[in-house]
Every structure is written in structure tokens, then in C-alpha cells.
Amino acid sequence: MNSQIKEALQWRYAVKKFDTTKKISTQDWQTLTESLTLAPSSYGLQPWKFLVIENPQVREKLKAVSWNQTQVTDASHFVVILARDKVDADFVQKYVNRVAEVRGLPVDALDGYKNMMIENVANSPEEQSRHWAKRQAYIAMGFLLETAALLKVDSTPMEGFDPKAYDKILGLEDSGWNTTVVVALGYRHAEDVTQNFKKVRFTDNTLIEYVK
Ligand SMILES: Cc1cc2nc3c(=O)[nH]c(=O)nc-3n(C[C@H](O)[C@H](O)[C@H](O)COP(=O)(O)O)c2cc1C
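The following paragraphs examine the structure supplied in this document. Nothing here was measured: the structure is a model prediction, and the numbers come from that model. (Residues numbered from 1 in each chain as written. Predicted model: local features only at pLDDT ≥ 70, side-chain atom pairs only at ≥ 80, totals over all residues. Heavy atoms only, no water.)

The environment of the ligand is formed by 14 residues, the closest being Arg12, Lys16, Gln69, Lys199 and Arg201. Here an oxygen atom of the ligand and a side-chain polar atom of Arg12 are 2.6 Å apart. In the environment of the ligand, a nitrogen atom lies 2.9 Å from a nitrogen or oxygen atom belonging to the backbone of Glu159. At 3 residues, the largest contribution of residues to the shell around the ligand is made by strand S3 (residues 154-158). The residue makeup of the shell around the ligand, split by class, is 5 nonpolar, 4 polar and 5 charged. (Near = heavy atom within 4 Å. Polar contact = N/O pair within 3.5 Å; in protein donor to acceptor, adjacent residues only side chain to side chain. Helix = DSSP H or I, 4+ residues; strand = E, 2+ residues; numbered from the N terminus. Nonpolar A, V, L, I, M, F, W, Y, C, P; charged D, E, K, R; others polar.)

Structural data, given as C-alpha cells:
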């Protein structure tokens, strides 16, 4: 494995205690947000949105519904990843319009692509398209975590919270968005003992199999 990438991935761990005195630089933050917006998604539909919670009082409220995990309030930056509740024909149209704009194409040249997306995603049962959108949100999270590691920015991916309570605190009820997963980013505290724990992974040969 490329030694720089290997070192970064070994270095990263899910931080339990952040150093509240250290903040991510504007330049690194820019790279991190770009890693979110550049993440791939099925059909390229990007059924997500990223809320960066800067307000300390809001962070306190969110911590209370996150098993009181201190990363919520202590990290330099705290990102709530939302997934669209409904991926409907209107949203597909919005995306198609954007493709046409970026690639300089007439919108109706994309009718076949649009109809395929409507059939495969927008017309599927609501519960199915909701789950589909959430799966996409995790891809964005993965990109963010890896980019952070390469920048030597610490992070914690988090599912230990009450998503419905987040939706309420963030005013998302009936907004068309669902809180899916959150990521705290910043710098590890010197006293976070977790950083010394050995990484526990199954061995490569049980996880990676070659079909010849
Ligand atoms: C989707 C997801 C949710 C997680 N939720 C939490 C969480 O709520 N709190 C926490 O401290 N760690 C959380 N973790 C961190 C995992 O426990 C950690 O990534 C795993 O034990 C592997 O350790 P490492 O990331 O330090 O290598 C979560 C990780 C993932 C990927």
C-alpha cells in the first residue's frame, strides 16, 4: 500500500475526546467540504445536504440527544449529514437541468437518462428511496473521513444519537430532509487514551477474496 495513505489510515481513529483549543484552518476546511461535494452518488443524484453546526447552544442541545458524547460540542467542526426524504420526479428534473447546464446540453437530450432515474429511484416505494438516499449519505461520509485522515485532521463518525430528536432541534421536521449520520472533526486531545488502542480489523484474507 502507498505508504502515505497507509500511514494516514493507521493514524486516524474515532476520536473520543477532542482538544477544544484547536481549530481546523480555513484552507483545510475548504478541502474537507469539497470532499463532500465531490463524493460520488448513484446516478450522480446527490440526494444529500450537509449542515455545519456552528452555534454552541445548538451543539449543546444535540449533545443531549447524542448519549452526551462530548465530540458534539468539543470538535472544531460538526457536520450533520442529511438525506432527502423523497427522491421524486421534481428532484430528478432539477438534477437533469444541472447536468444540461454544466455540460452545455439541451435539457431534452437527457430525457432517456431522466426517465431511467425516475423509474429506478423516484418511482420506487417511498421507504425504498429513503433508504437509498441514506446509503448515498454514507458515501459522502466516507469521503470526508478519508480526506480528513490525509490532511491529518481528526474525526469521529457518529451514529450514536437520536435522529428524530436531531430533526426536531434543527427544524427539519417536514422539511424533506432526514438526519442520517454525523461527523465531528478537529484535533485529538492528548489525553484521549483511545489513540493508543491497537486497531482491530479482521485479517485481509477473510475480508478480501478473489474470484478467479
Ligand atoms: C457509522 C458509524 C457510526 C459510529 N458511531 C460512533 C459514535 O456514535 N460514537 C463513537 O465514539 N464512535 C462511533 N463510531 C466509531 C467506531 O466505533 C469506530 O470507527 C470503530 O470502532 C473502528 O475504530 P477506528 O475508527 O478507531 O479505527 C462510529 C463509526 C461509524 C462508521
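For the rest of this paragraph, the subject is the packing of helix H2 (residues 26-37) against helix H7 (residues 126-151). Here H2 crosses H7 at 150°, and the two axes come no closer than 8 Å. It follows from the interaxial angle that H2 and H7 lie roughly antiparallel. In terms of crossing hand, the pair formed by H2 and H7 is right-handed. Taking contact as the criterion, the partners of Asp28, Thr31, Leu32, Ser35 and Leu36 in H2 are, on H7, Ala140, Phe143, Leu144, Thr147, Ala148 and Leu151. When the residues that make up the contact of H2 with H7 are grouped by side-chain class, the tally is 7 nonpolar, 3 polar and 1 charged. (Axes fitted to C-alpha atoms, helices over the stretch in contact; angles between N-to-C directions. Parallel < 35°, antiparallel > 145°, perpendicular 65-115°, else oblique. Left-handed = near helix turned anticlockwise from the far one by under 90°. Contact = heavy atoms within 4.5 Å.)

Strand order in this open sheet of 4 strands is S1-S2-S4-S3, and the pairing throughout is antiparallel. Each edge of the open sheet carries a strand with a single partner, namely strand S1 (48-52) and S3. With strand direction ignored, the average angle separating the axes of adjacent strands in the sheet is 25°. Contacts from H7 reach S1, strand S2 (77-84), S3 and strand S4 (177-186) within the one sheet, and its direction differs from that of S4 by about 10°. (Pairing = 2+ DSSP bridges.)

Most of S2 is tucked away, with 8 of its 8 residues classed as buried. Residues His77, Val79, Ile81 and Ala83 line one face of S2 and the alternating positions Phe78, Val80, Leu82 and Arg84 line the opposite face, and both faces are buried. In terms of strand pairing, S2 meets S4 through 8 bridges, oriented antiparallel. For Leu82, the partnering residue across the bridge sits in S4 and is Thr179. (Buried < 20%, exposed > 50% of the residue type's maximum accessible area, 1.4 Å probe, protein only.)

With phi around 60°, Tyr43 is a residue other than glycine that occupies positive phi space. Among the secondary structure elements, Tyr43 is positioned in the loop between H2 and S1. The phi angle at Asn68 is positive, at roughly 55°, despite the residue not being glycine. Within the fold, Asn68 resides in the loop between helix H3 (56-64) and helix H4 (71-74).

Among the nonpolar cores identified, the biggest contains 36 residues, and Leu45, Ile81 and Leu185 are the most heavily contacted of them. Among the secondary structure elements, those contributing two or more residues to this core are H2, S1, S2, helix H5 (89-103), helix H6 (111-122), H7 and S4. For this core, the element with the most residues is H7, which contributes 8 residues. Beyond its immediate chain neighbours, meaning those up to four positions away, Leu185 contacts Phe18, Ile24, Trp29, Ala75, Ser76, His77, Val79, Leu144, Ala148, Val153, Asp154 and Ser155. (Core = buried A, V, L, I, M, F, W, Y, C linked by side-chain atoms within 4.5 Å.)

This part is about the side chain of Arg12. Looking at the secondary structure, you find Arg12 in the loop between helix H1 (3-11) and H2. No salt bridge is formed by the buried Arg12; its nearest oppositely charged neighbour, Asp154, is found at 7.5 Å. Excluding residues within four positions of it along the chain, Arg12 makes contact with Ala149, Ser155, Pro157, Arg188, Lys199 and Arg201. (Lys, Arg positive; Asp, Glu negative; His and termini not counted. Salt bridge = Lys/Arg side-chain N within 4 Å of Asp/Glu carboxyl O.)

So, about the packing of aromatic side chains. One pass over the structure, following the stated rule, counts 3 aromatic pairs. Seen in terms of ring centroids, Trp48 and Phe50 are 5.9 Å apart; in terms of plane orientation they differ by 40°. Their pairing is tilted. Here the basic side chain of Arg84 rests over the ring of Phe91, its NZ or CZ set 3.9 Å away from the ring centre. Stacked on the ring of Trp11, the Lys or Arg Lys152 has its end atom at 5.4 Å from the ring centre. (Phe/Tyr/Trp six-rings, centres within 6.5 Å; stacked < 30°, edge-to-face > 60°. Lys NZ or Arg CZ within 6 Å of the ring centre and 35° of its normal.)

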